[in-house]
Amino acid sequence: MIIREARLEDAQQLANLIQQVENESEFMLFEPGERKLTPEKQRTMIENISKQKNSTIFVAEDHEKLVGYLMAFGGNAKRNRHSVYLVVGILKEHRGKGVGTELFRNLESWARERKIHRLELTVMTQNQAGIALYKKMGFEIEGIKKHSLLVNGRFMDEYYMAKILY
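Below you will find a few notes about this structure. All figures in this text were calculated on a predicted structure; none of them were measured in a lab. (Residues numbered from 1 in each chain as written. Predicted model: local features only at pLDDT ≥ 70, side-chain atom pairs only at ≥ 80, totals over all residues. Heavy atoms only, no water.)

## Some points on the side chain of D157
For D157, the location among the structural elements is in strand 7 (residues 154-164). Relative accessible area serves as the criterion here: at 18%, D157 is assigned to the buried category. For D157, the side chain forms a polar contact with the main-chain nitrogen of H147, separated by 2.8 Å. (Helix = DSSP H or I, 4+ residues; strand = E, 2+ residues; numbered from the N terminus. Buried < 20%, exposed > 50% of the residue type's maximum accessible area, 1.4 Å probe, protein only. Polar contact = N/O pair within 3.5 Å; in protein donor to acceptor, adjacent residues only side chain to side chain.)

So this is what it looks like as structure tokens:
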């Protein structure tokens, strides 16, 4: 498995990967089929993110197929440029095999090189596997967003989680 930053030529595969992860997981923000991703939109996103010092997309590649991603969106204002919001997705068949751990390790090295101070994310309180991964990688629960999502007619809570790097 190779962990690397996304390239423009990954646009088609990354768009497909994101949609497949959203179709397979009950814990993503977008419901299956809700988001209409195109290779063009994905290419533009990769292009825009590559121009920012505090944002990136890491992908996990297994036998030339993308199987996971970790997106890091840095703050745009002076007061929050030190902080990066994360979104992670891994194909169902590759979960529990170290893909997430490797994505986070690479992201943390990238973040430290850029003097990023804070990594943060939200996770549904029912997502035990995700929470376990984030805690393993040093993230701590900072708070709860009550009824922040409506999933299958039920309000769900999310944890705010963060890791301070230095």
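## Considering the packing of aromatic side chains
Enumeration over the complete set of coordinates arrives at three aromatic pairs. Relative to F139, the ring of F104 lies with its centre 5.6 Å away and its plane at 75 degrees, an arrangement referred to as edge-to-face. Placement of the pair is F104 in helix 3 (residues 99-113) and F139 in the loop between helix 4 (128-136) and strand 6 (140-151), with a sequence separation of 35 residues. A relative accessible area of 3% means that F104 is categorised as buried. Residue classification places F139 among the buried residues on the basis of a relative accessible area of 3%. (Phe/Tyr/Trp six-rings, centres within 6.5 Å; stacked < 30°, edge-to-face > 60°.)

## Quick word on unusual backbone geometry
Positive phi values are uncommon outside glycine, yet H63 reaches one of about 50 degrees. Topologically, H63 is positioned in the loop between strand 2 (56-62) and strand 3 (65-74). Positive phi, close to 50 degrees, is recorded for H147, a residue that is not glycine. Tracing the sequence through the fold places H147 in strand 6.

## Focus on the pattern of salt bridges
Side-chain pairing between opposite charges can occur once the charged atoms of the two side chains come close. Counting across every chain of the model gives 13 salt bridges. Salt-bridge contacts for E102 lead to R105; the nearest nitrogen and oxygen are separated by 2.8 Å. On the criterion of helical spacing, the pair formed by E102 and R105 is a turn pair, its members being three residues apart in helix 3. Residue classification places R105 among the partly exposed residues on the basis of a relative accessible area of 45%. K163 is the partner of E108 in a salt bridge, and the nearest nitrogen-oxygen pair spans 2.5 Å. Linking E108 in helix 3 with K163 in strand 7, this pair joins segments that are 55 residues apart in sequence. The two residues E108 and K163 agree in class, both being buried. (Salt bridge = Lys/Arg side-chain N within 4 Å of Asp/Glu carboxyl O.)

## Focus: the sheet that holds strand 7
Strand order in the open sheet formed by seven strands is 1-2-3-4-5-7-6, and the pairing between neighbours is mixed. Of all the strands in the sheet, the pair left with one neighbour each is strand 1 (2-5) and strand 6. Geometrically, the sheet is characterised by an average inter-axis angle of 25 degrees between neighbouring strands, direction not taken into account. Note: strand 2 against strand 3, seven bridges, orientation antiparallel. Looking at strand 3, one finds that E61 is bridged to L66. Here helix 1 (residues 11-24) sits on the sheet in contact with strand 2, strand 3 and strand 4 (83-90), set at roughly 90 degrees to strand 3. (Pairing = 2+ DSSP bridges. Axes fitted to C-alpha atoms, helices over the stretch in contact; angles between N-to-C directions. Contact = heavy atoms within 4.5 Å.)

## Section: the packing of helix 1 against helix 2 (residues 39-50)
Interaxial distance between helix 1 and helix 2 falls to 8 Å at its minimum, and their mutual angle equals 105 degrees. On the basis of their axis angle, the class for helix 1 and helix 2 is roughly perpendicular. Where helix 1 approaches helix 2, its residues A11, Q12, L14, A15 and I18 are matched on the opposing element by P39, Q42, R43 and I46. Of the residues belonging to the contact of helix 1 with helix 2, the class tally is six nonpolar, two polar and one charged. (Parallel < 35°, antiparallel > 145°, perpendicular 65-115°, else oblique. Nonpolar A, V, L, I, M, F, W, Y, C, P; charged D, E, K, R; others polar.)

## Some points on the pairing of strand 5 (residues 118-124)
For strand 5, the tally of buried residues reaches six of seven residues, placing the bulk of the element in the interior. Pairing of strand 4 with strand 5 involves three bridges; the strand directions are parallel. Directly across from V84, in strand 5, lies its bridge partner L119. Considered for its hand, the β-α-β crossover made up of strand 4, helix 3 and strand 5 is right-handed. Relative to strand 7, strand 5 runs antiparallel, the two sharing seven bridges. (Right-handed = clockwise from strand over helix to strand, strands pointing away.)

Note that all results are geometric; they support no functional claim without further evidence.
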